[in-house]
Amino acid sequence: MAYSKTPSLSTYETKRVSFVGNPENRGVGDKDLRLLNMMVDSVESPTGKRVFLKNRPGLAPYASSPAGEGRGLFLWYNYGHEIHVIGNKVYLDGVVVITLTTSSGNIGFAEHVDDSAQHTVLMVDGIEGYVFKTDGTFKPCIPVAWTAATAYVSGDVVSPVTTNGFCYDCTVSGTTAGVQPAWPTTVGATVVDGTVTWKCREQAFPTPHAPYPVFLDGYMFLPKANTQDIQNCDLNYPLKWSAGNYITAEMYPDTVVALAKNNNLIYGIGQSSVQIFYDNANPTGTPLLNNPGVVIQFGCPAPMSVVQTDKEVIMVADTSAGGRSVWTIDGYKANEITIPAVAQALDNEGSLLTNAIATSVRVMGQKLYVLSLTNTTWVYSLTTGMWSQWSGVSGNFSAARSAPNDNGSLVWLGKTDGRLYTMSMSVYTDNGIPYPCTLTSTKFDFDTINRKTMSRMCLIGDVPSSTTANQVVYVTWSDDDYQTWSASRTMTLNGDLPSIRQLGDFRRRAFRISYASGLPFRIEGIEVDINKGSK
């Protein structure tokens with residue numbers, strides 16, 4: 001046979017591969033594809049869609065309070081107020097205004113508007129409730145006890161020193177006498193007390209309650225704890241709650257653990273079902289009516305995972321078939337968005353799953369569901385349909401609750417450090433410290449299980465800044481199913497061709513790329529030169 005310098009079959013190839021994908025973690029260490037503090041992003045171009053991985057936005061300091069459990073956050077930016085709760089302290093515009101009897105658990109907020117366009121905010125903690133006005137004043141939903149020789153003004157509300165199930169509205173201002181009056185127990189009856197006149201009404205604010213308030217058509221709704229009842233305030237009066245104002249979610253024998261609203265529907269979320277209610281404009285009692293033709297047959301083991309977005313409700317769910325999962329509900333339609341890695345993480349939480357906290361944010365052009373578990377935070381993009389994980393500088397992501405600010409930015413409340421943060425697309429650190437970005441790939445065999453050698457690996461991505469100082473990416477790889485990893489090699493990101501050479505031989509190889517320089521980091525993938533063997 002004549003000699004030919006060109007072999008009939010070339011074994012040298014250049015391959016470009018992507019790290020984009022949903023996590024495939026098998027639950028043992030860091031096996032399989034994993035994106036830590038990286039988000040999938042796509043850009044339309046004349047030649048088609050290009051897909052990138054880029055680091056998440058960081059957290060910049062906004063305000064601080066003494067350390068403690070961050071329980072709730074509400075930005076009432078239309079009126080210049082910020083309310084957050086750390087432990088048992090309620091902060092209004094940075095000043096402690098209330099000391100609660102509870103010190104842990106969710107704090108729920110909902111804004112109310114009455115027929116005269118007066119706005120208020122209801123804050124609840126599972127036992128107590130407070131209504132804040134636009135001028136920064138507030139009143140408790142459970143009236144304070146009457147006191148002697150005290151000036152009261154019209155609109156004040158008290159309860160007897162020994163409660164009797166009723167409360168009393170001040171209708172004529174004045175000063176109370178030295179001893180309590182004989183309190184009437186007929187709704188609408190009045191009594192004169194010194195120069196004050198009191199009017200009797202029922203006091204039926206639900207205590208205890210599940211602290212997930214919802215506003216609809218002039219009413220506030222709250223689920224009464226450990227029952228199937230959903231109670232509502234009197235029309236236009238979030239401070240007034242009457243005993244007959246409730247509806248029972250009775251299609252399933254479970255208790256209501258949270259409420260959520262989607263358009264003009266209210267979801268009564270139970271332990272094993274979701275019942276759907278609408279405003280039937282009933283003239284007395286509750287305005288709600290159950291839709292008997294629709295019930296969603298899963299419940300929620302983690303009430304703080306329930307999030308209302310601008311389009312749907314998202315939550316962790318328990319189904320009758322077993323296992324935990326994440327679902328969206330839009331109108332009457334439910335859709336599961338769980339992947340196996342997330343389902344396994346939820347099951348691994350065990351009884352701690354009840355502490356899971358979620359929030360929904362729009363950032364970097366994407367709408368995200370951020371679910372904080374005990375040791376990790378899972379993030380689902382409703383824009384791309386992809387999951388990833390977030391962490392902090394060390395340990396889990398440090399914040400779990402968020403609220404939008406008036407300039408479109410996001411404010412986050414720290415889990416335990418008492419701090420408020422803004423999430424910024426121009427910041428890639430958490431509280432000034434770079435967080436780690438890690439991309440772990442699936443295993444590549446390049447279409448053959450034969451041994452092959454890799455002579456070069458290039459990183460296809462962007463240059464973070466005009467200087468290459470500290471712009472170092474670390475690369476390591478595993479050829480034995482993630483059991484062991486090579487020594488780290490470094491690439492310096494620059495405008496030419498970040499690459500490393502002489503990467504040895506393998507059959508199947510997974511890569512890990514790490515970056516922690518606190519600057520924007522975006523890559524499309526890697527390009528490798530390989531020579532395929534015959535065995």
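What you see as residue numbers is a count from 1 along each chain, following the sequence as written. Note on the predicted model: pLDDT of at least 70 is required for a residue's local features to be given, and 80 or more for side-chain atom pairs to be given and counted; whole-chain, interface and lining totals, by contrast, use all residues. Only heavy atoms go into the side-chain values, all of them from the structure, while hydrogens and water stay out.

**Q** Can you walk me through the sheet that holds strand 26 (residues 265-270) in this structure?
**A** Strand-to-strand pairing in sheets goes through backbone hydrogen bonds, with the strands running parallel or antiparallel. Following DSSP output, two strands are said to pair if at least two bridges run between them. Helix numbers and strand numbers start at the N terminus; a helix is a DSSP run of H or I with at least 4 residues, a strand a run of E with at least 2. The four strands lie next to each other as 25-26-27-28, forming an open sheet whose pairing is antiparallel. Looking at which strands have only one partner, the edges of the open sheet turn out to be strand 25 (256-262) and strand 28 (288-296). Strand-to-strand twist across the sheet, computed as the mean angle between neighbouring axes with direction ignored, equals 30 degrees. Strand direction decides the pairing type here: strand 27 (residues 274-279) and strand 28, joined by five bridges, are antiparallel. Across the sheet, the residue bridging to F277 is N290, located in strand 28. The angle between two axes is taken between their N-to-C directions and runs from 0 to 180 degrees, where each axis is a line fitted to C-alpha atoms and a helix contributes only its stretch in contact.

**Q** Teacher, can you tell me more about the layout of surface pockets here?
**A** Gaps between atoms show up when a probe of the same size as a water molecule is rolled over them. Using a 1 Å grid laid over the protein atoms alone, points where a 1.4 Å probe fits but cannot get out form a cavity; open sets with protein on both sides within 12 Å along at least 5 of 7 lines form a pocket; any residue with an atom within 4 Å of a point counts as lining. Grid points are joined across faces, edges and corners, and a volume is the space filled by probe spheres set on the points. Estimates place the volume of the largest pocket at around 1400 Å³. Lining the largest pocket are 40 residues, with F74, F109, Q308, S402 and P404 positioned closest to its centre. Per element, the largest residue contribution to the lining of the largest pocket is six residues, and it comes from strand 34 (residues 357-363). Side-chain classes follow a simple rule in which Ala, Val, Leu, Ile, Met, Phe, Trp, Tyr, Cys and Pro form the nonpolar group, Asp, Glu, Lys and Arg form the charged group, and the remainder, Gly included, forms the polar group. Looking at the lining of the largest pocket, its residues break down into 25 nonpolar, nine polar and six charged.

**Q** Looking at this structure, how should I read the packing of aromatic side chains?
**A** Any pair of aromatic rings gets described here by the distance separating the centres and the angle formed by the planes. Only centres within 6.5 Å qualify two rings of Phe, Tyr or Trp (six-membered ring in Trp) as a pair; their planes then separate them into stacked at under 30 degrees, edge-to-face at over 60, and tilted for everything else. By the definition in use, this model includes 19 aromatic pairs. With a centroid separation of 4.5 Å and an interplanar angle of 35 degrees, the aromatic rings of Y168 and W183 are classed as tilted. Of this pair, Y168 sits in strand 17 (residues 166-172) while W183 sits in the loop between strand 18 (174-175) and strand 19 (190-193), and the two are 15 residues apart along the sequence. Both residues of the pair, Y168 and W183, count as buried. Cluster of aromatic residues (ring-pair linked, three or more members): Y152, Y168, W183 and W198. For the cation-ring pair, R56 lies above Y435, with the distance from its terminal atom to the ring centre recorded as 3.9 Å. Working rule: Lys NZ or Arg CZ, within 6 Å of ring centre, within 35 degrees of ring normal, means a charge sits over the ring. The ring centre of Y237 lies 4.7 Å from the NZ or CZ of K240, which sits over that ring. Burial classification: accessible surface area is computed with a 1.4 Å probe over protein chains only, and a residue below 20% of its type maximum counts as buried, one above 50% as exposed, and the rest as partly exposed.

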